[in-house]
Amino acid sequence: MSEEVKVFGFWCSPFSRRVELALKLKGVQYEYIEEDVFKNKSPLLLKYNPVHKKIPVLLHNGKPIAESLVILEYIEETWKANPILPEDPYEKAMVRFWTKFADEKCLPALWKAGWSPENEREKAVDEACECLKTLESALKGKRFFGGETVGLVDIAANFIAFWLRLIQEATGQELLSAEKFPDLFKWTDEFGSCSVVKESLPPRDKLLAFFKARVAEAMDAQTNASK
Amino acid sequence: MEEEKEVKLHGMWASTYVKRVEVALRAKGIPYEYIEEDLSNKSQLLLRYNPVHKKVPVLVHNGNPIAESSVILEYIDETWKIAPRLLPDDPCQRAQVRFWASFIQQQLFEAIGRIITSNGEAQEKNTNELLQQMDVFEEKMKEFFPEGTQGIQNESIGLLDILVSATFSPYKIQEEIAGVKILDPKRHPIIYSWVTNMNQVPVMKELVPPHEKLLALLQFVRQNALKSST
């Protein structure tokens, strides 16, 4: 009997890509359903995630699970191949600590720094760089946060490895440079060159165009605001 | 050796994050040494154990420090697999508990913080947002507790019990400080009975902070927040 696994996602969301990456790492077959999150969420999505009405949602044998980090822990507990968490409770706690840091501190700080208006930019960039520096310290010269293989922290930090570089290209702002963060920069290359990771990333050109359009929108809004 | 099996907790008397960890330790009967931190003068030990956030709680087990209450709680449950189990064994049920844990923290707990540190129109908006999320929570918890929330004892406390308590136990003080109604038994009977039942559980009663002291501290927090926003 085949298991039914479905992922409701959005092509440019790092959160639904996290889920896809974990499933691919573990060799789990799944059906992907693209949601039009900006204009027209499907009745199924609203049924499966009535509380937040967001992607990603994992559906396993008819049971829905929402929130990407919750889904990742579920995937780890359900499919045992290629573990993304260590067995030892203390090591596991360290991984969860850094996953939380990447998700709750780094991502919002980086997003803010990428899109903040001129007058707030310097402070936002400083905070973002502090986060990157701290996250880099968790690498400790390893190839991945997970050691020799991709682990939960690597997956949670996927935004930094791929989305961030494209935002930098679109906005002309450099947050993550090889000079300032040599270990972290190297990690983005290692992470990005894994075949499984490559399969679970959005198309580069499409995402870059998406960010460039956002930059143009933001600039228009600023020009109009100052008229 | 005895020293190697020691558990220490760095905390602060008013922190609900610290309380979450203490409830778990006491409910499981895990002996621990409590170290009160003066957050205006953090100990060298705390700064060494939690260099990233410099916050409490920090649990130190066999000399190994762990920070972030949600991480600590999962660690405690995995290391001491004795009753009460904070999380269920089944992965799907665990996912549901983790989902609601995240919801309680972000949509309820943090929302109350925003209500306490705001006034006027902003406070009204924050309050409406909280109440709406409490409506959602109330509705969904009917499925979790088809027979109501009685019967929670030390031996049966779970993660969501701890988090609901951390959020709403001091509701009378919160309401007094903020000047708004937060927990109405008519609008949210399940949440209300859950909180009042939890407040009667022995381990919770042991950990209630001194009323006047907490009132004064929250008053101070509110005044500070309002000052810096004008």
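Note: the structure precedes this text.
For the structure given in this document, a descriptive report is provided here. (Residues numbered from 1 in each chain as written. Chains lettered and ligands numbered in written order. Predicted model: local features only at pLDDT ≥ 70, side-chain atom pairs only at ≥ 80, totals over all residues. Heavy atoms only, no water.)

### A short note on the overall build of chain B
Helix and strand content of chain B: 10 helices and four strands. Helices and strands appear in chain B in the N-to-C order β-α-β-α-β-β-α-α-α-α-α-α-α-α. The C-alpha radius of gyration computed for chain B amounts to 18 Å, which stays within 12% of the reference 17 Å derived for 230 residues, consistent with globular compactness. Reported as C-alpha extents along the three principal axes, the dimensions of chain B are approximately 60 × 45 × 30 Å. If you take every contact in chain B between residues at least 6 apart in sequence, the share linking residues at least 24 apart comes to 70%. Total accessible area on chain B stands at roughly 11200 Å², and carbon and sulfur atoms take up 52% of it. Taken together, the 26 basic and 31 acidic charged side chains of chain B have centroids lying 3 Å from each other. (Helix = DSSP H or I, 4+ residues; strand = E, 2+ residues; numbered from the N terminus. Rg over C-alpha atoms; globule rule 2.2 N^0.38 Å. Contact = heavy atoms within 4.5 Å. Areas by Shrake-Rupley, 256 points an atom, 1.4 Å probe, with all protein chains shown as cover. Lys, Arg positive; Asp, Glu negative; His and termini not counted. Charge placed at Lys NZ, Arg CZ, Asp CG, Glu CD.)

### With respect to the sheet that holds strand β1 (residues 7–11) of chain B
All names here are of chain B. In spatial order, the strands read β2-β1-β3-β4; together these four strands make up an open sheet with mixed pairing. Where the open sheet ends on each side, the last strands, each with one partner, are β2 (33–36) and β4 (64–67). Each strand of the sheet is rotated relative to its neighbour by a mean of 20 degrees, with strand direction disregarded. Pairing analysis gives four bridges linking β1 to strand β3 (residues 58–61), with the strands arranged antiparallel. When the sheet's bridge partners are listed, L9 is paired in β3 with L59. (Pairing = 2+ DSSP bridges. Axes fitted to C-alpha atoms, helices over the stretch in contact; angles between N-to-C directions.)

### Comments concerning the packing of aromatic side chains
Applying the stated rule across the entire model yields 24 aromatic pairs over all chains. Plain terms: the ring middles of F145(A) and W187(A) are 5.2 Å apart, the flat faces sit at 70 degrees to each other, and that makes the pair edge-to-face. On the criterion of sequence distance, the pair formed by F145(A) in the loop between α5 (118–137) and α6 (152–156) and W187(A) in helix α8 (residues 182–192) is long-range, its members being 42 residues apart. A single burial state applies to F145(A) and to W187(A), both of which are buried. Judged by centre distance (5.1 Å) and plane angle (70 degrees), the rings of W100(B) and F103(B) are edge-to-face. Of the two residues, W100(B) and F103(B) both sit in helix α4 (residues 91–116), three residues apart, roughly one turn of that helix. (Phe/Tyr/Trp six-rings, centres within 6.5 Å; stacked < 30°, edge-to-face > 60°. Buried < 20%, exposed > 50% of the residue type's maximum accessible area, 1.4 Å probe, protein only.)

### Details of the packing of α4(B) against helix α5 (residues 120–144) of chain B
Residues and elements named next belong to chain B. Relative to each other, α4 and α5 sit at 155 degrees, their axes nearing to 9 Å. The angle between the axes of α4 and α5 places the two elements in the roughly antiparallel class. Judged by the twist between their axes, the crossing of α4 over α5 is left-handed. Between α4, through Q96, W100, F103, I104, Q107, L108, A111, I112, R114 and I115, and α5, the contact on the second element is made entirely by Q123, N126, T127, L130, Q133, M134, V136, F137, K140, M141 and F144. (Parallel < 35°, antiparallel > 145°, perpendicular 65-115°, else oblique. Left-handed = near helix turned anticlockwise from the far one by under 90°.)

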